[in-house]
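# Coordinate inspection notes
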Amino acid sequence: MINYSIVMRSVNANLLEINQAKARVKAAKAEGKEPEQADVELLKTEVQNAFAIAQYTDVMDVDKFARHIASHGCVYSRADISAILNMAVDCVREQLLEGKKIRLGDLGDFSILLSSKGAETADKFTAQNITAVNVVWTPGKEFKNLLTDAEFNLVASRNQQAAVIKAIKAGETSIDLTDPDANGGESTGGSNQGSGGQGSDDSDLGN
């Protein structure tokens, strides 16, 4: 079961300008000044859509994951599985640094992606221009699309949960969960990935 919460995100093409206007309006109000009318009018043009954010329920470290594998009738003990998983991590890293692509069946492929600073010519480019070595996971067929087998459960966002806890501790009897602060500022606009696919919203309570 995948828990998810709903957030409002700006879908305007001029999102950067809107966010800058919001920052200026907020700063003006903090100083007790009237915001620029142009900024106020720009904020009125903001269009928001509702998107889903996954909420994970637990963090499976190597030990927990090994216990889970062992519980599926595996002939190996948790300790054996944990040792193999840790060894696999070390070996994958070692082989990636050897310039190899690791293909782990349905889990998918692991390969290297380089980031670099541009040089005027190829002759002037050296290894010193390389700024990062990142690992790329290309999902195998069992992980390319989990939608078919997924079941979903709507829950409050972590920021909303935190707002409720804060209100209870303060002795308040009601809270407006449509307030941007209760939504973790999501209504101020964030990156939009077309379908609204986002990572887990763990900015407040965390797991």
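Here is what the cut-offs are and how they apply
- Residues numbered from 1 in each chain as written.
- Predicted model: local features only at pLDDT ≥ 70, side-chain atom pairs only at ≥ 80, totals over all residues.
- Heavy atoms only, no water.
- Phe/Tyr/Trp six-rings, centres within 6.5 Å; stacked < 30°, edge-to-face > 60°.
- Buried < 20%, exposed > 50% of the residue type's maximum accessible area, 1.4 Å probe, protein only.
- Axes fitted to C-alpha atoms, helices over the stretch in contact; angles between N-to-C directions.
- Helix = DSSP H or I, 4+ residues; strand = E, 2+ residues; numbered from the N terminus.
- Parallel < 35°, antiparallel > 145°, perpendicular 65-115°, else oblique.
- Left-handed = near helix turned anticlockwise from the far one by under 90°.
- Contact = heavy atoms within 4.5 Å.
- Nonpolar A, V, L, I, M, F, W, Y, C, P; charged D, E, K, R; others polar.
- pLDDT = per-residue confidence, 0-100.
- Pairing = 2+ DSSP bridges.

Turning to the packing of aromatic side chains, a few remarks are in order. Two aromatic rings, taken as a pair, are described by how far apart their centres are and by the angle between their planes. The tally for this structure, following the rule as stated, stands at two aromatic pairs. Between the aromatic rings of Trp 137 and Phe 143, the centroid separation amounts to 5.9 Å while the plane-to-plane angle is 70°, which identifies the pairing as edge-to-face. Taking the relative accessible area as the measure of exposure, Phe 143 reaches 36% and is therefore partly exposed.

Next up on the list: the packing of helix α3 (residues 62-70) against helix α4 (residues 78-97). Running from amino to carboxyl end, α3 crosses α4 at an angle of 125°, the nearest separation of the two axes being 8 Å. In this view, α3 runs oblique relative to α4, as classed from their interaxial angle. Helix-helix and strand crossings are classified by hand; for α3 and α4 the assignment is right-handed. On the side of α3, the interface is formed by Val 62, Asp 63, Phe 65, Ala 66, Arg 67, Ile 69 and Ala 70, while α4 contributes Arg 78, Ile 81, Ser 82, Leu 85 and Asn 86. Here the residues of the contact of α3 with α4 sort into seven nonpolar, two polar and three charged.

Below, the discussion takes up the environment of Val 40. For Val 40, the position within the fold is in helix α2 (residues 37-43). On the accessibility criterion, Val 40 (25% relative accessible area) is partly exposed. Remark: the alpha-carbon pair of Val 40 and Ile 18, spanning 22 residues in sequence, is separated by 9.7 Å.

This brings us to the confidence of the model for the chain. In the predicted model, the chain carries a mean pLDDT of 86, and 84% of its residues have values of at least 70. Within the model, the stretch residues 201-207 combines pLDDT values under 50 with 21 contacts to residues more than four positions away or in other chains.

On to the sheet that holds strand β6 (residues 152-154), then. Pairing within the open sheet is mixed, and its three strands lie in the order β2-β1-β6. The open sheet has two edge strands, β2 (48-55) and β6, and neither has a second partner. Averaged over all neighbouring strand pairs, the angle between strand axes comes to 45°, with direction disregarded. Note: strand β1 (residues 2-10) against β2, eight bridges, orientation antiparallel. Residue pairing across strands places Ser 10 opposite Gln 48, the latter belonging to β2.

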